[in-house]
Each structure stands twice: as C-alpha cells, then as structure tokens.
Amino acid sequence: MAKSLYFNKEHDLVRKAVRDFVNKEINPHVDEWEEKGIAPLHDIFKKMGELGFLGIRYPEKWGGEDLDYWHEVVVLEECARIDCGGVPMAMAVQSNMATPAINDFGSDYLKETYLKPALKGDMVAAIAVTEPDAGSDVAALKTFAKKEGDHYVINGSKTFITNGTQADFLTLLARTSDDPGYHSYSLFAVPTDLPGFSISKKLDKLGMRSSDTAELFFDDMKVPAKNLIGVEGEGFIHQMMQFQHERFSIIPMAYVWSRRMIDLAVEYAKNRIVFGKPLIKKQVIRHRIAGWLTEIECLQQLTYHIVRMKMAGQDASKEISMAKLKGGELLTQVADGCLQIHGGMGLMNETRISRMYRDCRLMAIGGGANEVMSDVIANFSGL
Amino acid sequence: MKICVCVKHVPDTAATIKLAGDTAFDDADVKFISNPYDEFGIEEAVSIVEKEGGEVVIVTIGKEAATSTIRSAMAMGAHRAIHVKTDGQFLDSTLTARALKAVMEEDGLPDLIFTGKGSVDTESFQTQYRLAKSLGLPIVNEVSTLTLEGQKAIAQREIGGGEKQVLELGLPCVIGATKGLNEPRYPKFPDIMKAKKKEIKEMALSELGINEADAKVTMEKMEAVPERSGAKMIEGSVDDQVTELVRILKEEEKVI
C-alpha cells in the first residue's frame, strides 16, 4: 500500500490513538449533537487537549506537541472519521484556523493567554473574519478597530462564525485604517467576556448542524492594545498566511469523506436489487465509482506532495489552493453521485449519506470559495 | 513496586480470517491489537505505579510484529518491555507459561503480575493459571475490582447471578483482569513519542531453553466456520406454519 511510503509505526500509534478516541468519545454522541444543533466544545476540547490532540505542530513551550505535518495529516484524516462535519470543523477552527497566527506572529503574552489554553482545551477559539458584506472578498470588511490610548475600540459585526456561541476568544480581523490597499487591517485576539460584545443569534444551516454558527456584534468594545496579533496594518497579510493552514486542514476531510461516501454507496448498491441484479453490477455505477476513486487518489497524493513541500520549507500556497479547489469540487460531485446511488433512501435523514451530502456542501464555499481558489491559482500561474 | 503485565498480540476480533494451509491463517493483511483484557491489566498496573512508585514491565511472547502492541502498552505508561520472539502463530499455554516464568525469574520476580482473564484469539484461559502454579503464586481470574493493602491484594470477581466474591491474596500474586477493573486510558501524544525510546529487550524462545516443537498441545487443523444458511420461509395457514415450526425445532434443530 502506498500509505507505508509516508507513514511509520509512530504515525500508526498516533492514528490508532485518535481513531479510538473518535470511536469511543465522539461518534456515539454525534446524533445527539446534530439534533441539538451544538456540540459541547468545552468538554470535547478539554479531553482532546489533555491527550495532546489539539496542538500537534505547536511548540511544546505553548502546550503543543512539536510534531510535524505528517502527524498533523494523520490527525486530520482520523478526525474526518467523525460521523458528521460539524465537530471536525470545530476542531479544525481550534487548531488550524484561529490559532496559527497567534503562534506565528503573536507576542509571548498572547501565546500564554490564548494559545496555550486553546491547545490545552481550556478555551474555545473562533476565527472572526467573514462579515455580511465580506466573505471570500476579505478586503471588503468593515469592522473597525480604532486605537485610543492603550486600547482599540471595536465596532462592527461578523457572521457565519463557527464555534461562535461558545468561543472564549476570537481571532478577529478588523480595519485599523480607511486607506485603500492591503495594509489597513489588523488581527486581534479578542476575549468574548468584555463589554460591548454580543452574540446576536445562532444561525440555522443546511448542513454542519452540530456546529454552532453565530452572528456577532461589537459595539464600542474596548480591547487592550496588547491583544494586537503581530504588526498593526499587517493583519490582512497575517490572515492570508493563516488561511493557508485553514485550507490545508480541510483537504484530508475531502478525500477521506469521499471514500467514506463511496463505501456507503457500494454497501447499498451491493444489497439493492434492480431488474434482478445487485445495483453494483451495473457498469455505469462501477465506472462512475472507479472515476471518483481515481480522482480521490490524485487529491490524496497532491496532499502528501504538499506535506513534503511544507516539510522542506517551501511555499505550497498554489498547491494548497489547487487541492482545496479539487476537494470542494470532488466532495460535491461524489456526495451527489453517492446520494443518487441510494435513490429515494438517500433523501431519508435516517441514512448517513443524507447528512454527509448536506455537510459536504460547505467545502466548496468555506475558507475561500471554489471561484476564489481558481482566481488564486490563475494569479499564481501568471494568467 | 515492580509489576509485570503479560500482554498478547492478537488478531482483531472484527478481522476477517483467511486460512493459509491446514494449521495457519494469513496474517499479512489482518489487523492485530493488544488483547483487550490485557489492556485492563496495563491500565491497573500503570495506575498503581503512578500512585505508589515502581515500574511496569510488559512481557510479550509472540511474533516480531507484536512490537506494535508492546509500543501501545508503553504509550499507556509501561516503563520497559521484554519480547520473547516466536516463529509460529500459536504457542500452547504450557510453553507460554514456561517462557513467562523464565523471563520473570531472569529479570527478577515482580511483586504483582497481571494477565487478561483470557485471550480473545485462542480462548484457552489457561496461561495465567499455569504461570501462577509454576511460580507457586496465588491467582484470581476475572477480577473486576482490585485494592492493595500493604502486602495484601483484595480482589473482587463476579460469580454469576449478580453475586460478587471478595478474595484476599498475599503478594506477590497473579491477577487475571477483566472488564470493569478500570477504563483503559487513551495514550497521550507525548507518551506515544516517549514510547518509541523505551527499552524493549528482545530474545528468542530458544534462548530460554524452550523449543516450540515441545508443545503439549499442537494445532492439528483449522477450519473455516461454515456460513450460516439463509432464512427458511414457512408457508401455509397459521396452523400449518406452527406445526411445521415445532417440527423443525424438534427434529431438525433439536432445540426443544
């Protein structure tokens, strides 16, 4: 198997540890969390933090494990075995979306106060970038942080914020200047227990239902100046770099979920008799699945190539964008095709494919929509 | 306190076993795990040593591939291990117990020995008794609660009908662990990383003066369990169906 080219026995032990945890501590509760529309992230992260699952690549000094990208891929692949998309997404926000910038650009104070508790599972983190009028077009955001003495005063709103109702702090991107260009934004670690912060509502979504998604408001919220992450005015750049971690963390989910959906469809098609024969015997189904498997393999190998680039210290932004685009397209296509194989049963909420179909749809939108990824790739390619 | 835990590397009970020849199975693609009952022993040993100090030594008799099971035990907190390597897939309880005894005598006798209540592969349920007998130690199997008081171990075991038996043993002794004794921990990442640096002393069975050919029980033949035949539909009126059902239960299945 190709896998053994990349993973050794130590990786296998890590894989087993995460898989056991997912099977025993997460999956038995997923139906309940999906029903409630929220998962108890403080409890889940506390357990994961104690085991060291949240800080794979982070320095030991800040509560991480000091491991490499291969270990991270193992953990991401195993978290993709969770029976819903909402919970692994919450975990990815905690480890790969809201905290990398604090580690890469933050002061020791911010690392001690926010990064360490997040990696230990004592604090829940959220990434607050998207606004009602600024999604993939990040530069259109309007939330403003005005410096007044030793504070910044934040006004504005953020929407579609994952972990938004439970977060203890936000990694927030705001304008700090009205000047045009990319040097008018700053990134902040914003605790959610300060006056002026409010959660306006928990949003109702098509999929990812166990993930709490919120709309947040900031009304003259005073945040200490020491909560600025990195350099004032460089927040957009910091966030673009943080996005690379975010996008990368989504990719293993795409190939693991695509395979899982095919497994479900194959199982169904073996037992479903149509015109006297199991559905799986139909050439059209077999060839369609073979095509998906081929594309999944390509995506997985591209992912491992990206890991090798990262390990060699190379910039993999173009390749990550390609994999994110491919992942978004593939998941949507495979989810649709596998639901089609299930026929009418696929529409029943009792089938697993139905939830996966709903949860998959986000991949082509979140963390930079397919169209934005295409633009990034075009730019990198000098088009 | 020095505690030895005997850990067996067994095929996952969910694995599909394909026979290879008359007396072996194809183990190349089969997933192997720590014998689940042994994990209760590891957890108990590690917890005791965490409280009272000392060391936990894993003893495994098995093929080369058993190293992964040993590393898992070390990731749970065991300090070092001794791996006696075998060539064959099966070793009878007599030789296994002899090997365990020889290893423990050479390494220095422990204050406490854990085994699982049995292994989920061969299910002979003999090794722990043979080991205890050969070392002249007391043993209680299927222990679901254990407390240590000085040089005594108080062990509880379920004896059926919801009844529990409480037994007192002097240390050293052998404890056969079962479900209920504890909840085996998930290994922490730092412990997984530390596990790869811990010492595994490796030796061949022959170095202990044991020859696999001397086994008292030998594998004569392995056969696949025949697949269950499909459901049988009983047709006719209700009276006919009941009569036919009773006939089948009496004459064919012989269950009433």
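Throughout, residues of each chain are indexed from 1 in the direction in which the sequence is written. Going through the entries in the order they are written, you letter the chains from A and number the ligands from 1. Side-chain atom pairs in this predicted model are given and counted only at pLDDT of 80 or more, local residue features only at pLDDT of at least 70, and totals for whole chains, interfaces and linings cover all residues. Side-chain descriptors were evaluated using all non-hydrogen atoms of the structure, hydrogens and water having been removed beforehand.

A.B. asks: If you had to explain the packing of helix α9 (residues 283–311) of chain A against helix α10 (residues 317–342) of chain A to someone new, which residues and values would you point to?
C.D. replies: All names here are of chain A. In this analysis, axes come from line fits to C-alpha atoms, helices being fitted only over the stretch in contact, and the angle between any two N-to-C directions falls in the range 0 to 180 degrees. Helix numbering and strand numbering both begin at the N terminus, where a helix is a DSSP run of H or I of at least 4 residues and a strand a DSSP run of E of at least 2. Viewed as axis vectors pointing N to C, α9 and α10 meet at an angle of 155°, and their least axial separation amounts to 10 Å. Taken together, the axis directions place α9 and α10 in an arrangement best described as roughly antiparallel. In this structure, the crossing between α9 and α10 has a hand that is left-handed. For the pair α9 and α10, contact is made by Ile285, Ile289, Trp292, Glu295, Ile296, Leu299, Leu302, His305, Ile306, Met309 and Lys310 and by Glu319, Ile320, Met322, Ala323, Lys326, Gly327, Leu330, Gln333, Val334, Gly337, Cys338 and Ile341, respectively. An angle below 35 degrees is treated as roughly parallel, one above 145 as roughly antiparallel, one from 65 to 115 as roughly perpendicular, and anything else as oblique. By the definition used in this description, the sense in which the near helix is turned from the far one sets the handedness, with an anticlockwise turn below a right angle giving left-handed and a clockwise turn giving right-handed. Whether two residues are in contact is decided by their heavy atoms: any pair within 4.5 Å suffices.

A.B. asks: Describe a nonpolar patch on the surface, and please don't skip the residues or the numbers.
C.D. replies: Judged by side-chain polarity, B:Val238, B:Val242, B:Val246, B:Val255 and B:Ile256 come together as a nonpolar surface patch covering roughly 470 Å² of accessible area. Counting through the fold element by element, B:Val242 comes out in helix α6 (residues 238–252). Residues qualify for a patch when their relative accessible area is over 30% and they have no salt bridge, like charges being joined within 9 Å and the nonpolar side chains of Val, Leu, Ile, Met, Phe, Trp and Tyr within 5 Å. Calculation of accessible area relied on Shrake-Rupley with a 1.4 Å probe; when residues are assessed, cover is drawn exclusively from the protein chains displayed. Salt bridges are counted wherever a side-chain nitrogen of Lys or Arg sits within 4 Å of a carboxyl oxygen of Asp or Glu.

A.B. asks: Give a detailed account of the domain arrangement of chain B, specifying residues and quantitative values.
C.D. replies: Reports often express the size of an interface as the amount of accessible area lost when the parts come together. Each domain's extent was defined by an automatic or database domain assignment. One can read the domain layout of chain B as domain 1 (2–214) and domain 2 (227–256). One C-alpha centre belongs to domain 1 of chain B, the other to domain 2 of chain B, and the line joining them spans 46 Å.

A.B. asks: Go over α9(A) with me, naming the residues and quoting the values.
C.D. replies: Residues and elements named next belong to chain A. If you check α9, its first and last C-alpha atoms are 42 Å apart, about what 29 residues at 1.5 Å a residue would give, namely 42 Å. Only protein chains enter the accessibility calculation, which uses a 1.4 Å probe. A residue is then buried if its area is under 20% of the maximum for its type, exposed if over 50%, and partly exposed in between. Turning to α9, its buried residues are Ile285, Ile289, Trp292, Ile296, Leu299, Gln300, Thr303, Tyr304, Ile306, Val307, Met309 and Lys310. On its buried side, α9 packs onto α4 (69–79), α8 (235–271) and α10. Just downstream of α9, Gly313 is the residue with a positive phi angle, here 75°. Here the expected span of a helix is defined as 1.5 Å times the quantity of residues minus one.

A.B. asks: Please give an account of the interface of chain A and chain B that cites residues and values.
C.D. replies: Residue-level contacts link 19 residues of chain A with 12 residues of chain B. What gets called buried area is simply the loss in accessible area from a 1.4 Å probe that two parts show on being joined, summed for both. Buried area between chain A and chain B, summed over both chains or domains, comes out near 1,300 Å², and the portion from carbon and sulfur atoms is 71%. Of all residues in chain A, A:Glu10, A:Leu13 and A:Leu51 bury the most surface against chain B, accounting for 40% of the area lost on that side. We note a salt bridge from B:Lys196 to A:Glu10, for which the minimum N-O separation is 2.5 Å. Side-chain atoms alone can form a polar contact between residues adjacent in sequence; in general such a contact is a pair of N or O atoms within 3.5 Å, and within protein one must be able to donate a hydrogen while the other accepts it. Remark: the boundary between chain A and chain B carries three residue pairs in polar contact (both at pLDDT 80 or more). Those elements that provide at least two residues to the side of chain A that touches chain B are α1 (9–26), α3 (41–51) and α4 of chain A. Split into classes, the residues belonging to the side of chain A that touches chain B amount to 10 nonpolar, two polar and seven charged. The residue classification treats Ala, Val, Leu, Ile, Met, Phe, Trp, Tyr, Cys and Pro as nonpolar and Asp, Glu, Lys and Arg as charged. All others, Gly included, are polar.

A.B. asks: How would you sum up unusual backbone geometry? Please name residues and give values.
C.D. replies: Residue B:Pro172 is bonded to the preceding B:Leu171 through a cis peptide linkage, with omega at -10°. Looking at the secondary structure, you find B:Pro172 in the loop between β9 (163–170) and β10 (174–177). One non-glycine residue with positive phi stands out, namely A:Asp66, at about 60°. Relative to the assigned elements, A:Asp66 resides in the loop between α3 and α4. Despite not being glycine, B:Glu142 shows a phi value in the positive range, around 55°. Tracing the backbone shows B:Glu142 in strand β7 (residues 139–149).

A.B. asks: So what's going on with the domain arrangement of chain A? Which residues, and what values?
C.D. replies: Residues and elements named next belong to chain A. The domains assigned to chain A are domain 1 (3–124), domain 2 (126–233) and domain 3 (237–380). Of the residues lining the interface, 31 residues belong to domain 1; the matching set on domain 3 comes to 25 residues. Taking both partners together, domain 1 and domain 3 bury about 2,500 Å²; carbon and sulfur atoms supply 63% of that area. Sorting the residues of domain 1 by area buried against domain 3 places Tyr69, Met97 and Phe105 first, and these three jointly supply 24% of that buried surface. Where domain 1 meets domain 3, there are four salt bridges. Asp83 serves as the salt-bridge partner of Arg260, at 2.5 Å between the closest nitrogen and oxygen.

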